[in-house]
Amino acid sequence: MFTFAPRAYASKAEHYADLAAQARGLIAGEPDLIANAANFSALVFDSLPQLNWAGFYLYDGTELVVGPFQGKPACIRIALGAGVCGTAASTRRTQVVRDVSRFSGHIPCDSASQSEIVVPLVRADGSLLGVWDVDSPVTDRFDEDDRRGMEALCRVFMNHVDEAGHRSVPAD
């Protein structure tokens, strides 16, 4: 059984390093992509302060489709290049948006969201799995420490995906 014990951290880097270790342990040995994505979302949502959404959009070969997440109901489909998620997917670069009202083309799935970070999820073979999306009701919630931390978390997830050979959703 997995047990989450909240604790105080000296820095964001320390918090993310601990989360990465927890994520690694949580998904170890489990081959199912959806089960791992669901638990990964719950871990991050429960562990980091000031979040109102954390989850996956999975690439179906045409567009991003909402996957496992924690938070309010979300947009179901997002075109590549549209909004923060579609931009991260099409550019394959992490998007750190400190104020979503200043992001041209932002898709407001939850009007409470004020800032967002989206990490593209790319397999070792270069194909797109989808994106990892985290929203906050606080402007300026995400910074470079969060970018590095979220990218490290996503590397843990994607290393497991690559090792397990997940093909639950079509590759691009």
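Provided above is the structure to which this section pertains.
What this report covers is the structure whose coordinates are included nearby.

Cut-offs used in this document
Residues numbered from 1 in each chain as written. Predicted model: local features only at pLDDT ≥ 70, side-chain atom pairs only at ≥ 80, totals over all residues. Heavy atoms only, no water. Helix = DSSP H or I, 4+ residues; strand = E, 2+ residues; numbered from the N terminus. Rg over C-alpha atoms; globule rule 2.2 N^0.38 Å. Phe/Tyr/Trp six-rings, centres within 6.5 Å; stacked < 30°, edge-to-face > 60°. Buried < 20%, exposed > 50% of the residue type's maximum accessible area, 1.4 Å probe, protein only. Salt bridge = Lys/Arg side-chain N within 4 Å of Asp/Glu carboxyl O. Pairing = 2+ DSSP bridges.

## Some remarks on the overall build of the chain
Helix and strand content of the chain: four helices and six strands. Along the chain, helices (α) and strands (β) appear in the sequence α-α-β-β-β-α-β-β-β-α when read from the amino end. The C-alpha radius of gyration computed for the chain amounts to 15 Å, which stays within 12% of the reference 16 Å derived for 172 residues, consistent with globular compactness. Principal-axis analysis of the C-alpha atoms gives the chain an extent of 40 × 40 × 25 Å.

## Some details on the packing of aromatic side chains
Applying the stated criterion across every chain, the model contains seven aromatic pairs. For the pair Trp53 and Phe69, a centre-to-centre distance of 5.0 Å together with 20° between the ring planes defines the contact as stacked. With Trp53 in strand 1 (residues 53–59) and Phe69 in strand 2 (residues 63–71), this pair connects stretches of sequence that are 16 residues apart. You can call Phe69 partly exposed: its relative accessible area is 27%. Aromatic rings pair up to connect Phe40, Phe56, Trp132 and Phe157 into one cluster.

## Comments concerning the pattern of salt bridges
Applying the stated criterion to the full structure yields nine salt bridges. In this structure, Asp60 and Arg77 form a salt bridge, with 3.5 Å as the shortest nitrogen-oxygen distance. Remark: Arg77 occurs in strand 3 (residues 77–79) and Asp60 occurs in the loop between strand 1 and strand 2; sequence separation between them is 17 residues. Residue class for Arg77 comes out partly exposed when judged on its relative accessible area of 49%. Each of the salt bridges in this network shares a partner with another, and the network as a whole consists of Lys12, Arg141, Asp143 and Asp146.

## Some thoughts on the pairing of strand 1
A regular strand places its side chains so that they alternate between the two faces of the sheet. Most of strand 1 is tucked away: seven of the seven residues are buried. Neither face of strand 1 is open: one carries Trp53, Gly55, Tyr57 and Tyr59, the other Ala54, Phe56 and Leu58, and all of them are buried. Two elements, strand 1 and strand 2, share six bridges in a ladder whose sense is antiparallel. Bridge assignment links Tyr57 to a residue of strand 2, and that residue is Val66. As consecutive antiparallel partners, strand 1 and strand 2 are separated by three residues, and within that stretch Gly61 has a phi angle of approximately 100°, a positive value.

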